[in-house]
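Reading the structure
Spelled out, the chains give:
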Amino acid sequence: MANVIIVGAQWGDEGKGKVVDLYTEFADVVVRFGGGANAGHTLVVGDQKLITHLIPSGVLRGRGKRCVLAGGMVIDPKTLLEEIAELKSRGLLQDDKDLVISTAAHVILPEHREVDRLRELGKNAIGTTKRGIGPAYEAKMARRGVRMIDLIHPERLKELLLRSREELAQYIAERGGTFTPLEQELEESLAYGQKIKRYFTDTSSYVHQEMTRGRHVLFEGAQGALLDIDHGTYPFVTSSSTIAAGACTSCGIGPTSIDAVIGIAKAYTTRVGGGPFPTELGGENATVSDAALGEQLRKVGHEYGSTTGRPRRCGWLDVAALRLAARWNGMSGIALTKLDVLSKMKRVKICVGYKVNGREMSELPCDINEIEGAQPIYEELEGWDADTTSARDFESLPTAAQRYVRRIEALVGVDIGLISVGPARAETIMIKNPFR
Ligand code: IMP
């Protein structure tokens, strides 16, 4: 039996969808534990391309893989139902038992999306996905949130919707925003509840029982460590716990049940939305040659957000930040993705620390002003011209690419157990499988 947590080790979009999909071959239950429809997994299987926002990519493996949405998530019921319908139309999710949704997960209301949108118009915008994630978690923490179970209790739901209006009315009115009329919102929410209730379960108890039966459980994180609400580049973060410990709190299982934590890292770095990004190749002050390298990464790596379509900011691999992710997550292995995108670079750089106000630092500072002024210290390695997409074992990679991978391992102090060299399932070098 193995229970494995998979998390993003950078600022999200590390290619978790593909890696989770690969590992789900060995798992019986796949649990999504954080965030909501701010995430987007692009999955390529055969000639099919599919983007999921809420349902874990385990769903692609077909019947019998149980996909769980845990209690720590914030779920937009409309998006959820659209996703279910899309999956069903492709012949997936045919058995209702394959989808398990926590009654304790919080509901994203239309006014949460509206507040998110209005905030992003203001001077304190942080470049959110405008999916209402922050306002839904705020309502949860303020203990006035709507939970999935409330969608099937009309009286209670009406009370909660009235409370939500009371809290948000002034903010929305002052900025010229609108509410969905109460009766309409109530009616729609109750209709969603009727459609979704067949999937409702106490997911803590469900996952615990599955573990007791000796089934393999894979916990799938969303976003990345540097977007974590407690540890990331605050305030330019998401509103949930994106690190491995978040799987335990979200799902109500103890850390001693976990056997391995795999951090997914791209062979370079990307970030979407605002906030500091020391190794960025681009932005206002970039040299022409750096901006061209950033553009090359974006083009070759198809670096556009799968949720919002925004172009992602691209830069060199930041190992100093990756070391932080290794510590916060207790990472036992790394899955390195998109190595193929670096082919044809004459030289490749790895950030090993920063200069901050004349001082050398080996880790990203906590103070946002200091992070914004951090100048990366680079180690430069020889690049490789050869194509890597056909490599199926480590030794088939060009020597310079092998050196790059080994250097990352040495600098982070964690072994790389998987290397992805293309979007397809087969374009993978599996070195160590955490389920075996
Ligand atoms: P929110 O999660 O929509 O509130 O957005 C907060 C920050 O997290 C913004 O910078 C977003 O671009 C970023 N973010 C949220 N979800 C993802 C993701 O799945 N990938 C990458 N960035 C994300």
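Every value quoted in this text rests on a predicted model; they were computed, and no experiment measured them.

Examining unusual backbone geometry
With an omega dihedral of 10°, the bond running from Y234 to P235 counts as a cis peptide bond. Positive phi, close to 55°, is recorded for Q223, a residue that is not glycine. Accessibility expressed as a relative area gives 10% for Q223, which makes it buried. For N357, which is not glycine, the phi torsion reads 50° and is therefore positive.

Describing the packing of helix 2 (residues 77-89) against helix 6 (residues 182-196)
Running from N to C, helix 2 and helix 6 cross one another at 40°; their axes reach a closest spacing of 10 Å. With respect to helix 6, the element helix 2 is oriented oblique. Our pair here, helix 2 against helix 6, has a crossing hand that is left-handed. Facing P77, K78, L80 and L81 of helix 2, the residues of helix 6 in contact are Y192, K195 and I196. Among the residues forming the contact of helix 2 with helix 6, the class breakdown is five nonpolar, no polar and two charged.

Observations concerning the sheet that holds strand 19 (residues 416-420)
Taken in spatial order, the ten strands line up as 9-7-5-2-10-1-11-15-19-20 in an open sheet, and their pairing is mixed. The open sheet has two free edges, formed respectively by strand 9 (200-201) and strand 20 (428-430), since each of these has just one partner strand. The pairing of strand 19 with strand 20 spans three bridges and is classified as antiparallel. Within strand 20, the residue paired with L418 across the bridge is M430. Together, strand 1 (3-8), strand 2 (29-32), strand 5 (66-69), strand 7 (99-102), strand 9 and strand 10 (217-220) form the strand contacts of helix 7 (residues 203-212), whose direction differs from that of strand 5 by roughly 145°. Running over the sheet, helix 12 (residues 399-412) touches strand 15 (333-337) and strand 19 and is turned about 140° from strand 19.

Section: the domain arrangement of the chain
Assigned domains of the chain: these are domain 1 (3-105 + 198-262), domain 2 (107-195) and domain 3 (267-430). Using C-alpha coordinates to define each centre, domain 2 is positioned 37 Å away from domain 3. Counting from both sides, the interface comprises five residues of domain 2 and, opposite them, five residues of domain 3. The junction of domain 2 with domain 3 conceals about 330 Å² of combined surface from both sides, 43% of it contributed by carbon and sulfur atoms. Linking domain 2 with domain 3 are zero salt bridges. For the pair domain 2 and domain 3, the number of links is three residue pairs in polar contact (both at pLDDT 80 or more). Classifying every residue of the side of domain 2 that touches domain 3 gives one nonpolar, three polar and one charged.

Some remarks on the pairing of strand 10
Consecutive residues of a regular strand have side chains that alternate between opposite faces of the sheet. Residues V217 and F219 of strand 10 are buried on one face, and the alternating residues L218 and E220, pointing to the opposite face, are buried as well. Pairing analysis gives four bridges linking strand 1 to strand 10, with the strands arranged parallel. In the strand pairing of strand 10, V4 is matched with L218. Direction of pairing for strand 2 relative to strand 10: parallel, over a ladder of four bridges.

Focus: the packing of aromatic side chains
Scanning all chains against the criterion turns up three aromatic pairs. The interplanar angle of 55° and the centroid separation of 5.4 Å between the aromatic rings of W11 and F277 together place this pair among those described as tilted. Residue W11 is found in the loop between strand 1 and helix 1 (16-23), and its partner F277 is found in the loop between strand 12 (269-271) and helix 9 (288-300); the two are separated by 266 residues along the sequence. For W11, a relative accessible area of 2% puts it in the buried group. The class for F277 is buried, based on a relative accessible area of 7%. Taking the ring centre of F394 as reference, the NZ or CZ of R406 above it sits at 4.1 Å.

Analysis parameters
- Residues numbered from 1 in each chain as written.
- Predicted model: local features only at pLDDT ≥ 70, side-chain atom pairs only at ≥ 80, totals over all residues.
- Heavy atoms only, no water.
- Buried < 20%, exposed > 50% of the residue type's maximum accessible area, 1.4 Å probe, protein only.
- Axes fitted to C-alpha atoms, helices over the stretch in contact; angles between N-to-C directions.
- Helix = DSSP H or I, 4+ residues; strand = E, 2+ residues; numbered from the N terminus.
- Parallel < 35°, antiparallel > 145°, perpendicular 65-115°, else oblique.
- Left-handed = near helix turned anticlockwise from the far one by under 90°.
- Contact = heavy atoms within 4.5 Å.
- Nonpolar A, V, L, I, M, F, W, Y, C, P; charged D, E, K, R; others polar.
- Pairing = 2+ DSSP bridges.
- Domains from an automatic or database assignment.
- Buried area = accessible area lost by both parts, 1.4 Å probe.
- Salt bridge = Lys/Arg side-chain N within 4 Å of Asp/Glu carboxyl O.
- Polar contact = N/O pair within 3.5 Å; in protein donor to acceptor, adjacent residues only side chain to side chain.
- Phe/Tyr/Trp six-rings, centres within 6.5 Å; stacked < 30°, edge-to-face > 60°.
- Lys NZ or Arg CZ within 6 Å of the ring centre and 35° of its normal.

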